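The lines below spell out each chain.
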Amino acid sequence: MINTIREILIVLSALTMIFGQVLPVSANFGGKAGNNSDTVDGQIPGEEETFDRLPHLLRDVKMLLTDALIADVHGDTLEVIYTLDRINDLLTEADQLGEMTEDDRDEFDRFENAYVEIYVHRFNTLDKTDAALTAEKLRKDVTGFIEPLVVEMGATQFTVIDDRDGHIPLVRNEKVDQFIEFFRTKGRRQFEIWLERYDYYGPAIKNIIAQNGLPDDLIYLAMIESGFNPRAYSRANAAGMWQFIYSTGKMYGLQRSWYIDERRDPVKATHAACAYIKDLYEEFDSWYLALAAYNVGSGRMHRAIRLHQTNDFWQLHSLPRETRNYIPYFLAASIIASDPQEYGFFKKEGSSQEYRYDEVTINQSADLSVLARSAKISLKTLKKYNPELRQSATPTKKYTLKLPTGRKDTFLSNFKSLPDNEKFAPQYIVHRVRFGESLTLISRKYRVSIHDLAAVNKIKNRHKIRVGQKLTIPVPGTNLSSKPKPSEIPGSLKVLYTVKKYDTLGQIAQTHGTRASRIRKWNGLRYGDYIYPGQKLIIWVKQS
C-alpha cells in the first residue's frame, strides 16, 4: 500500500510540474467530464456569453488524465482505456469551439505535447505498441531519428521496384532504405502490430479502394497514418484510421455528433479518404504529390511547386521535414508489407480473422450492453465493430449496427423478444431556457456534463443561450437488466459512501483501496454514467 501511495504522489507531482497546480475535479468526473458545480467561479446567471469553453475543456482533460494515471497505478486497465478515450473525445472537440486566443493555443499545445509523452511512456497497463497515439508519434520520431541526407539538385536517383500501370510507383533510394532498416530494427514491434491489423482490416479496405477505382497500394497510407487503428487520435485533432480533421471529414460526408464520429468508422472513413485522394490526384496528376498533399495540404504543395519550378517531389526541399520524409516512409511501409517475409516479418498462427460483419438497423436509441447481450458477444467486441459510437447507446434516430458475421440471427431473435422498456431507453429530454438560466446552471440541474450539453446543442464558446431557446439534454438511459444484484463479498465490509463535491471515481477508489471499475460494477454505473454530490455509492472494503 505504501508503494502504491508513493506512486500516486509521484504521478501527481509529475502532473503539477507539467501543468501547474492540479485542480480539484467535480464529482461527476466518475463518468462524463465536466459538470463542475463551480465551473465558472462567480458567474452570474445570464452571463453565459462570457464563458469560454476551451479553458474549461483543458482543465477537465487534465483532471481526467489524473484519474487515468491513478487507475493505471492500480492496474485498472479498462478504466484507463475509457478515461483516455474520453480525453481524446474532448480534445477533438477543440477545433469546433471557434478561434483560440494566443494564450489558449499555447496552453492547448503544451498540454497535447505533455499528454502524448505521458500516454506513450507512463501508462504501464497499456500495450504501448497498440496505443492510439503511437502511429503518429512513431512517424514523427523516426523523422528526427534518421539523419537528413544530402540531396542532389539534379535528376533524382532511385531504383524502381514496381511501376505497373494502375499502381503507385514503388521506388528505393537511400532515404527509403533508411526507413526500411528502421522498421526492421527499432520500429519492428510496431510494424508487426500494423501487419496484424493489415490482415484484419486489409480485405475490407482493399475492396472499398477497388470500388473507387484507385490503386490498392493506397491501403498503406492508412498504415502510416494510424497503424490501421480506427480510434487513433493525433495532436492535429485528427481522428480515425485515415486521420481526418473535423472540417475535411465534414467536407467528405463524415458526420460528427454527440453519439457518433464517423471519422472512426473504417468503412465510411475509407470511402471518404478515397474521394479525397481522388480529388488530390486530379489536382496534382502525380501520386507522390497527391499523397504528400494529404499530409501537408494542397496549398503548401502548390507553393513548393511554384518555388522550385518542378513537379518532382524529391526536389521540393522547401516542404516541411515531416512531409519530405512522408513519401519515403510510405514507400518503405509499402515495400515491406507487399512482401513481409522478404524482410523478416512472418504471419502469426491463428491470425487469419478478417473484419467481416452483418448489419442490423436499430430504429431508436438502445443501450450497447443490451445489444451486446442480445448478440451474445462482449461489449468490447461490439465497440470494436462499431468504433464510431461515442456514447453507451446508439443514436436516437435510425442507426446501422455492425455485428460479427454469424451473429445477426441470434441478435434478432433475442432482441425482438425483449420488452420495449428493456430494448430502448429515452436518451434525451427537452429543456426551454428560462430567464436567468445559464448553461452551467442547466448542466448542474440535470447532472450532465457541460461539454455534452454544449456538444449536443452545437453551442460554441462565443455563443450565448437565449430565453425560450429549446435545449436537448442528454440523459443516460437506465436498463433494468444492467442493474447489479446485491451480493456479499467474503472478507469485505460494505460501506455506503456519500459523494462529495470535487470527488472523482478514481479518487474515491484510491481512498478505499479499490478500483474505479469495481465501484462501477457494484453500483451499476456504466462507462458514460456520472457521479454527483450527495449520491450514495456501495463500496466493499477489505477487512484488515
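What counts as what
Residues numbered from 1 in each chain as written. Predicted model: local features only at pLDDT ≥ 70, side-chain atom pairs only at ≥ 80, totals over all residues. Heavy atoms only, no water. Helix = DSSP H or I, 4+ residues; strand = E, 2+ residues; numbered from the N terminus. Buried < 20%, exposed > 50% of the residue type's maximum accessible area, 1.4 Å probe, protein only. Contact = heavy atoms within 4.5 Å. Areas by Shrake-Rupley, 256 points an atom, 1.4 Å probe, with all protein chains shown as cover. pLDDT = per-residue confidence, 0-100. Core = buried A, V, L, I, M, F, W, Y, C linked by side-chain atoms within 4.5 Å. Axes fitted to C-alpha atoms, helices over the stretch in contact; angles between N-to-C directions. Parallel < 35°, antiparallel > 145°, perpendicular 65-115°, else oblique. Left-handed = near helix turned anticlockwise from the far one by under 90°. Nonpolar A, V, L, I, M, F, W, Y, C, P; charged D, E, K, R; others polar.

Student: Give a detailed account of the overall build of the protein, specifying residues and quantitative values.
Tutor: Of the regular secondary structure elements, the protein holds 21 helices and eight strands. Per-residue burial for the protein yields a buried fraction of 53% across its 544 residues. Excluding contacts between residues fewer than 6 apart, the proportion of contacts in the protein whose partners are at least 24 apart in sequence is 73%. Approximately 25,100 Å² of the protein is accessible, and the part contributed by carbon and sulfur atoms is 51%.

Student: Describe the confidence of the model for the protein, naming the residues involved and giving the relevant values.
Tutor: The predicted coordinates should not be examined in detail at positions where pLDDT is low. Taken residue by residue, the protein gives an average pLDDT of 81. The fraction at 70 or more is 80%. Considering each helix and strand of the protein separately, the mean pLDDT is smallest for helix H1 (residues 2–19), with a value of 53, and largest for helix H10 (residues 266–284), with 97. Below a pLDDT of 50 lies the segment residues 21–51, which in the model reaches 115 contacts outside its immediate sequence neighbourhood of four places, other chains included. Taken together, the stretch residues 478–483 has pLDDT below 50 and engages in 13 contacts with residues farther than four places along the chain or on a different chain.

Student: Before we move on, can you summarise the nonpolar core with the specific residues and values?
Tutor: Ranked by size, the top nonpolar core spans 73 residues in total, and within it Phe183, Met223, Trp242 and Tyr294 carry the most contacts. Ranked by size, the runner-up nonpolar core spans 24 residues in total, among them Val61, Ala71, Ile87 and Phe108.

Student: Hey, could you go over unusual backbone geometry for me, with residue numbers and the actual values?
Tutor: Of note, the phi angle at Phe228 is positive, near 60 degrees, even though the residue is not glycine. Residue position: Phe228 is located in the loop between helix H8 (219–226) and helix H9 (246–251). Look at Asp285: it is not a glycine, yet its phi comes out positive at around 55 degrees. Relative to the assigned elements, Asp285 resides in the loop between H10 and helix H11 (287–296).

Student: Summarise the environment of Arg515; cite the residues concerned and give the values.
Tutor: Of note, Arg515 is situated in the loop between helix H20 (505–511) and helix H21 (516–523). Judged by its relative accessible area of 28%, Arg515 is partly exposed. When the C-alpha atoms of Arg515 and Val73 are compared, they prove to be 10.0 Å apart, with 442 residues separating the residues in sequence. In contact with Arg515, not counting residues within four places along its chain, are His74, Gly75, Asp76 and Ala509.

Student: How would you explain the packing of helix H6 (residues 174–184) against helix H13 (residues 321–338) if you had to name every residue and give the values?
Tutor: When two helices pack together, their arrangement is given by the angle between the helix axes and by the axis-to-axis distance. Remark: H6 packs on H13, axes separated minimally by 8 Å, with the N-to-C direction vectors making an angle of 55 degrees. Classified by the angle their axes make, H6 and H13 are oblique. As H6 packs across H13, the resulting crossing turns out to be right-handed. Taking contact as the criterion, the partners of Lys175, Val176, Phe179, Ile180 and Phe183 in H6 are, on H13, Asn325, Pro328, Tyr329, Leu331, Ala332, Ala333, Ile335 and Ile336. Of the residues assigned to the contact of H6 with H13, the class counts are 11 nonpolar, one polar and one charged.

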